[in-house]
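For reference, the chains in residue letters:
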Amino acid sequence: MNLGAALAVLGCRVLIVDLDPQGNTSTGLGINKSELKRDVYDLLMHHASIDEVLRSTEIENLHIIPATINLAGAEIELVSALSRENRLKGVISAIAANYDYVLIDCPPSLGLLTINALTAAEEVVIPVQAEYYALEGLSQLTNVVRRVQDALNPQLHVSGVLVTMFDGRTKLAMEVLDELSAYFPRQMFKTQIPRNVRLSEAPSFGKPVILFDVKSRGSQAYLALAREMLEAQAQAHDARAIAQ
């Protein structure tokens, strides 16, 4: 939500796909889920049209495909569905040309919805809380990414690891940062997202933090992250141009 908003404010055309049945990203961008007649579940399971589902936000360049609790049933229904891992890829490929970035918000599990996201994506950004337990799930996630690479999406790669809820005053946070830097020496973002009250408050007002309090530490951190991503993309394009 906050990364997409920051990229959009910097001039990018951004689509967010909320693939989490909790729908927190949808709520945080001001979507009233009780008023939705169609959501991402209908795109995946009932071939609804994009126009029925796509929603605009307060930020001109930022659109969202929202999720509701209906999506919880998709994990079960996808088990027996044809092309079950490629449902989301088919949806996104039809509209990807309209956007500079398509950000997929995954559920906090490694089920078929997350597999759909990894099959549809080109890159993976891994947010990691600066806490010990957050490190324990990393090996499982990277194993899943490798399996998807081997079986479904050879282009997929981890492009960045983002440390969140970071408090540089604590020894634990610095230890987590050091361990991640050793494990992902080339993929660590220079930007860390700090613990910030305004970041926590913004979703309850249905706004990304950049609209809620642009001067807050959280807002400035997401703007810095967006700029870091844009700079990395520009350097990648320059490298391709030189190679050609």
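Below is a summary of the structure that appears in this document.

What counts as what
Residues numbered from 1 in each chain as written. Predicted model: local features only at pLDDT ≥ 70, side-chain atom pairs only at ≥ 80, totals over all residues. Heavy atoms only, no water. Helix = DSSP H or I, 4+ residues; strand = E, 2+ residues; numbered from the N terminus. Buried < 20%, exposed > 50% of the residue type's maximum accessible area, 1.4 Å probe, protein only. Pairing = 2+ DSSP bridges. Axes fitted to C-alpha atoms, helices over the stretch in contact; angles between N-to-C directions. Parallel < 35°, antiparallel > 145°, perpendicular 65-115°, else oblique. Left-handed = near helix turned anticlockwise from the far one by under 90°. Contact = heavy atoms within 4.5 Å. Salt bridge = Lys/Arg side-chain N within 4 Å of Asp/Glu carboxyl O. Lys, Arg positive; Asp, Glu negative; His and termini not counted. Polar contact = N/O pair within 3.5 Å; in protein donor to acceptor, adjacent residues only side chain to side chain.

Take the environment of Leu88 next. The topology assignment puts Leu88 in helix H6 (residues 87-93). Note on Leu88: relative accessible area 1%, which makes it buried. Along the primary structure Leu88 and Ala117 are separated by 29 residues, whereas in three dimensions their C-alpha atoms are 6.7 Å apart.

Bringing the sheet that holds strand E1 (residues 14-18) into the picture now. Within the open sheet, the four strands sit side by side as E2-E3-E1-E4. Their pairing is mixed. Strands at the two margins of the open sheet, each flanked by one partner only, are strand E2 (55-56) and strand E4 (101-105). Pairing geometry for E1 and E4, over five bridges, is parallel. Along E4, the bridge assignment pairs Val17 with Ile104.

Next up on the list: the packing of helix H7 (residues 112-120) against helix H9 (residues 138-151). Where H7 contacts H9, the axes come no closer than 10 Å and their chain directions differ by 55°. Between H7 and H9, the angle falls in the class oblique. The crossing of H7 and H9 is right-handed. On H9, the residues touching Ile115, Leu118 and Thr119 of H7 are Val144, Val145 and Val148.

Here strand E5 (residues 123-129) shows one buried face, formed by Val124, Ile126 and Val128, and one open face, formed by Glu123, Val125, Pro127 and Gln129. In terms of strand pairing, E5 meets strand E6 (residues 157-164) through seven bridges, oriented parallel. Note that in E6 the partner of Glu123 across the bridge is His157.

Looking now at the pattern of salt bridges. As enumerated under the stated definition, the model contains nine salt bridges in all. Across the salt bridge formed by Glu201 and Arg198, the nearest N and O atoms sit 2.7 Å from each other. Of the two residues, Glu201 and Arg198 are both situated in helix H11 (residues 197-201); the distance of three residues between them amounts to about one turn of the helix. You can call Arg198 partly exposed: its relative accessible area is 30%. Beyond isolated ion pairs, a larger network of salt bridges with shared partners links Arg198, Glu201 and Asp213.

A word on the side chain of Arg87. Turning to its location among the elements, Arg87 is positioned in helix H6. The charged side chain of Arg87 is buried without a salt bridge, its nearest counter-charge being Glu77 at 7.8 Å. Looking at Arg87, its side chain comes within polar contact range of the main-chain oxygen of Leu44, at 2.6 Å.

Looking now at the environment of Ile210. Residue position: Ile210 is located in helix H12 (residues 209-212). On the basis of relative accessibility, which here comes to 11%, the residue Ile210 falls in the buried class. The spatial distance from the C-alpha of Ile210 to the C-alpha of Ser139 is 33 Å, given a sequence separation of 71 residues. Look past the residues within four positions of Ile210 in its chain and what remains in contact with it is Ala5, Ala6, Val9, Ile59, Ser219 and Leu223.

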